[in-house]
Amino acid sequence: MGTIQCQNCGKRIIEKERICPHCGHQNDTKSETPEKNETSSMILGYIGASLMFLGVFLPAIELPLGKSMSYFNGGKGDGTFLILVAILAFYYVFRQSRRGMFMSGLTGVLLIGVDLINTTSKVADYKSKLAASSNFARLIGNVSVGYGFAVMSIGAVLVIIAALMIRKA
Ligand SMILES: [Zn+2]
């Protein structure tokens, strides 16, 4: 039978008896589980924030002739805003702020979602214009939504999941 230290008075007590016979303090013997949760929440949160950050510089729109436009270049300020959101997410993961992580992840999801809708409709517009134009333009004119959006979305969702993994204080 192992002993643990009373969280209140510091005396050794039997591990199974959570209530300290010396001071009456009710010790939390399940203290190892939240710590493990916090570690995986932190790792997941950092991965999520990193993906949000990196995704801003990946192709958001694939352009003809192997060119692409990133969210940072093409988003007209939204890419820069998402970088700020990602930095905030990093900070809140470090602070293990459930609310802060949740809010920054949610802001990311909403921002990325709105811009994905805009980008998709722009790409559709461009494609319908191409369809009406010459064969040559159609040949070189492949435009599509880039994988940067997928990376950013996964990052934002991971931050939200990481936030939900933290137990309410
Ligand atoms: Zn005690």
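Look a little higher up for the structure.
Residues numbered from 1 in each chain as written. Predicted model: local features only at pLDDT ≥ 70, side-chain atom pairs only at ≥ 80, totals over all residues.

Describe helix 6 (residues 148-165), listing the residues and the values that go with them.
The end-to-end C-alpha distance of helix 6 is 26 Å, a good match for the 26 Å that 18 residues give at a rise of 1.5 Å each. Listing the buried residues of helix 6 in full gives G148, F149, V151, M152, G155, A156, L158, V159, I160, A162 and A163. (Helix = DSSP H or I, 4+ residues; strand = E, 2+ residues; numbered from the N terminus. Expected span 1.5 Å × (residues − 1). Buried ≥ 20, exposed ≤ 12 C-beta atoms within 10 Å, placed from the backbone.)

Can you lay out the packing of helix 3 (residues 78-95) against helix 4 (residues 98-132) for me, pointing to particular residues and giving the numbers?
Where helix 3 meets helix 4, the axes come as close as 8 Å, and the angle between the chain directions of the two elements is 160 degrees. One way to sum up the angle between helix 3 and helix 4 is to call them roughly antiparallel. Considering the relative orientation of helix 3 and helix 4, their crossing is left-handed. Touching D78, F81, L82, V85, L88, A89, Y92, V93 and R95 of helix 3 are G100, M101, S104, G105, T107, G108, L111 and D115, all from helix 4. (Axes fitted to C-alpha atoms, helices over the stretch in contact; angles between N-to-C directions. Parallel < 35°, antiparallel > 145°, perpendicular 65-115°, else oblique. Left-handed = near helix turned anticlockwise from the far one by under 90°. Contact = placed C-beta atoms within 7 Å.)

Could you give me a rundown of unusual backbone geometry, with the residues and numbers involved?
Comment: phi is negative for the bulk of residues other than glycine, and the bulk of peptide bonds are trans. Notably, Q96 is not glycine yet its phi reads approximately 55 degrees, a positive angle. The class for Q96 is partly exposed, based on 16 C-beta atoms found within 10 Å.

Please provide a residue-by-residue account of the sheet that holds strand 4 (residues 68-70), values included.
In spatial order, the strands read 4-3-5; together these three strands make up an open sheet with antiparallel pairing. At either end of the open sheet lies a strand with only one pairing partner, and these are strand 4 and strand 5 (144-145). Note that strand 3 (residues 59-62) and strand 4 share three bridges and pair antiparallel. Bridging from a neighbouring strand, P59 pairs with S70 of strand 4. (Pairing = 2+ DSSP bridges.)

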